[in-house]
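Structural features, examined
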Amino acid sequence: MFGKNFYANRSILDNEFIQANFDPSTGLAPEEIDMRLKELFDQKIENTSTAILRAEMFAFLYDNVQIEINEKNLFAAKINHQKVFCKYTNLFKKHILSHYSPQTLDLQAEAVEWGCKPCIDYHHTLPNWNDIHSLGFPGLLDRAKKRQAELLQNSSATQEQKDFLQSVIIVYSAIMRLLCRIHGESLKYPAAQMFSECIHELMLHEPRTIYQAMMLTDLFMMIYEVGLENARSFGLIDRLYEPLYLADLEKGRFTEAEVRELF
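These remarks concern the structure in this document. Since the structure is predicted, the reported quantities are computational estimates derived from the model, not experimental observations. Within any chain, residue numbers begin from 1 and follow the written order of that chain's sequence. Local features in this predicted model are restricted to residues of pLDDT 70 or higher, and side-chain atom pairs are both shown and tallied only at a pLDDT of 80 or more, whereas totals for entire chains, interfaces and linings draw on every residue. Think of the side-chain values as coming from all heavy atoms in the structure, minus any hydrogens and water.

Any two of the Phe, Tyr and Trp rings considered here, Trp counted by its six-membered ring, make a pair once their centres fall within 6.5 Å; the pair's planes then place it as stacked at under 30 degrees, edge-to-face at over 60, or tilted in between. A full pass over the atoms with the stated rule returns eleven aromatic pairs. Taking 6.4 Å as the distance between ring centres and 80° as the angle between the ring planes, the aromatic pair formed by Tyr-211 and Phe-254 counts as edge-to-face. Taken together, the positions of Tyr-211 in helix H9 (residues 210-224) and Phe-254 in the loop between helix H10 (237-251) and helix H11 (256-262) put the pair 43 residues apart, joining distant regions of the chain. The class of Tyr-211 is buried, set by a relative accessible area of 3%. Through a chain of ring-to-ring contacts, three or more aromatic side chains come together here, namely Phe-41, Phe-85, Tyr-88 and Phe-92. Over the ring of Phe-17 we find Lys-78, and its NZ or CZ is 5.4 Å from the ring centre. Helix and strand assignments come from DSSP, with helices taken as H or I runs of at least 4 residues and strands as E runs of at least 2, each series counted from the N terminus. Only protein chains enter the accessibility calculation, which uses a 1.4 Å probe. A residue is then buried if its area is under 20% of the maximum for its type, exposed if over 50%, and partly exposed in between. Look at NZ for Lys and CZ for Arg. If either is within 6 Å of the ring centre and within 35 degrees of the ring normal, a charge sits over the ring.

Shown next as structure tokens:
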């Protein structure tokens, strides 16, 4: 076995978010991140595309968020942003509606007067897990860069398309830097070696073992659900994980019992 046991560590794992111990040396406290995000928003909201500004704010958060490594957990990384990005999701929506559909804001205000809580819900989402798992974080970044290069050669490309691709590149570049920070922090904990090695592999390529695939899903959800956004599925995990599981058994990387422990 690989030295971790869920039931032996359950008392720690059950409370690890309540009793989190984020290292102040790894980043800024959530209140300070919030203050800096507000500065970015106020300075740029009127003269920067919303796609790029959201991406820049996302990047700032993940470049500065505090990290904790729990060496008792096979999925060891936690980050400390306390959902401070939530308010900006609503501010971006209000800004866009004020420019493109002010009548919607009027209708929302009228609904409030009638005792309703109107909400335009753009944040219950379904990530494309097939692409996420087939490409991995570096592959998704490389694909965006290639599409950007193609777009620059297309005279009919719109500014909106260019801004979108630039925002994707900003976001995935920030994710790669966060992975590097998590990996560096994990090296301080000898008992987290298996986790460290997994993160290092995911910095280089798509997942190639079931542990890497599960780690990718865990990291993607942790990073993705930064504000109001919710990913309402893990994808078809039998199809995503089974080929890797069978290959792991065949090559002796994991036993069935160890994979059960991962789950």
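Even without being a glycine, Gln-82 presents a positive backbone phi close to 55°. Relative to the helices and strands, Gln-82 resides in the loop between strand S2 (77-80) and helix H4 (86-100). The class of Gln-82 is exposed, set by a relative accessible area of 57%. Phi at Lys-83 takes a positive value of approximately 60°, unusual for a residue other than glycine. Looking at the element boundaries, Lys-83 is found in the loop between S2 and H4.

As for its placement among the helices and strands, Lys-188 is situated in the loop between helix H7 (159-186) and helix H8 (193-202). Residues Lys-188 and Glu-71 lie 117 residues apart in sequence; the distance between their C-alpha atoms is 10.0 Å. A polar side-chain atom of Lys-188 sits 2.9 Å from a polar atom in the side chain of Glu-185. Whenever two N or O atoms come within 3.5 Å, that pair is a polar contact, provided that in protein one can donate a hydrogen and the other can accept it, and provided that, for residues adjacent in sequence, both atoms are side-chain atoms.

What follows concerns the layout of surface pockets. Looking at the largest pocket, its volume works out to about 1400 Å³. Taken together, 38 residues form the lining of the largest pocket, with Arg-54, Phe-164, Ser-167, Val-168 and Val-171 sitting closest to its centre. Elements with a contribution of two residues or more to the lining of the largest pocket: helix H3 (50-64), H4, helix H6 (129-152), H7 and H9. Top contributing element to the lining of the largest pocket by residue count: H7, with nine residues. Along the lines of polarity and charge, the residues of the lining of the largest pocket split into 23 nonpolar, seven polar and eight charged. Estimated volume of the second largest pocket: approximately 680 Å³. If you trace the second largest pocket, you find 28 residues lining it, with Glu-16, Phe-17, Asn-73, Phe-75 and Asp-218 closest to the centre. Residue assignment for the lining of the second largest pocket shows that the elements contributing at least two residues are S2, H9 and H11. Residues are said to line a cavity or pocket when one of their atoms sits within 4 Å of a point; the points come from a 1 Å grid over protein atoms alone, cavities being sets where a 1.4 Å probe fits but cannot get out and pockets being open sets with protein on both sides within 12 Å along at least five of seven lines. Grid points are joined across faces, edges and corners, and a volume is the space filled by probe spheres set on the points. Think of it as three bins: nonpolar holds Ala, Val, Leu, Ile, Met, Phe, Trp, Tyr, Cys and Pro, charged holds Asp, Glu, Lys and Arg, and polar takes everything else, Gly as well.

Below, the discussion takes up the environment of Met-57. In this structure, Met-57 sits in helix H3. Using a relative accessible area of 0% as the deciding quantity, one classes Met-57 as buried. Expressed as a C-alpha distance, the spacing of Met-57 and Phe-234, which sit 177 residues apart in the sequence, is 26 Å. Contact definition: two residues touch when any of their heavy atoms are within 4.5 Å. Leave out the neighbours within four places in its chain, and Met-57 touches Leu-37, Leu-40, Phe-41, Phe-85, Tyr-88 and Phe-92.

The next subject is the packing of H3 against H4. Where H3 meets H4, the axes come as close as 12 Å, and the angle between the chain directions of the two elements is 165°. Here H4 runs roughly antiparallel to H3, going by the angle between their axes. Along this stretch, H3 crosses H4, giving a crossing that reads as right-handed. Contacts from Thr-50, Leu-53, Arg-54 and Met-57 in H3 reach Tyr-88, Thr-89, Phe-92, His-95 and Ile-96 in H4. Of the residues belonging to the contact of H3 with H4, the class tally is five nonpolar, three polar and one charged. Helix axes are fitted to C-alpha atoms over the stretch in contact, other axes to C-alpha atoms as well, and angles between N-to-C directions run from 0 to 180 degrees. Roughly parallel refers to an angle under 35 degrees, roughly antiparallel to one over 145, roughly perpendicular to one between 65 and 115, and oblique to any angle outside these ranges. Crossing chirality is assigned from the near helix's rotation relative to the far helix, an anticlockwise turn below a right angle marking it left-handed and a clockwise turn marking it right-handed.

The end-to-end C-alpha separation of H10 is 21 Å, in line with the 21 Å expected for 15 residues at 1.5 Å each. Among all positions of H10, only Leu-240, Tyr-241, Leu-244 and Asp-248 are buried. If you follow the buried residues of H10, they end up packed against H6 and H9. Just past H10, the residue Gly-252 takes up positive phi, approximately 75°. One less than the residue count of a helix, multiplied by 1.5 Å, gives the span that helix is expected to have.

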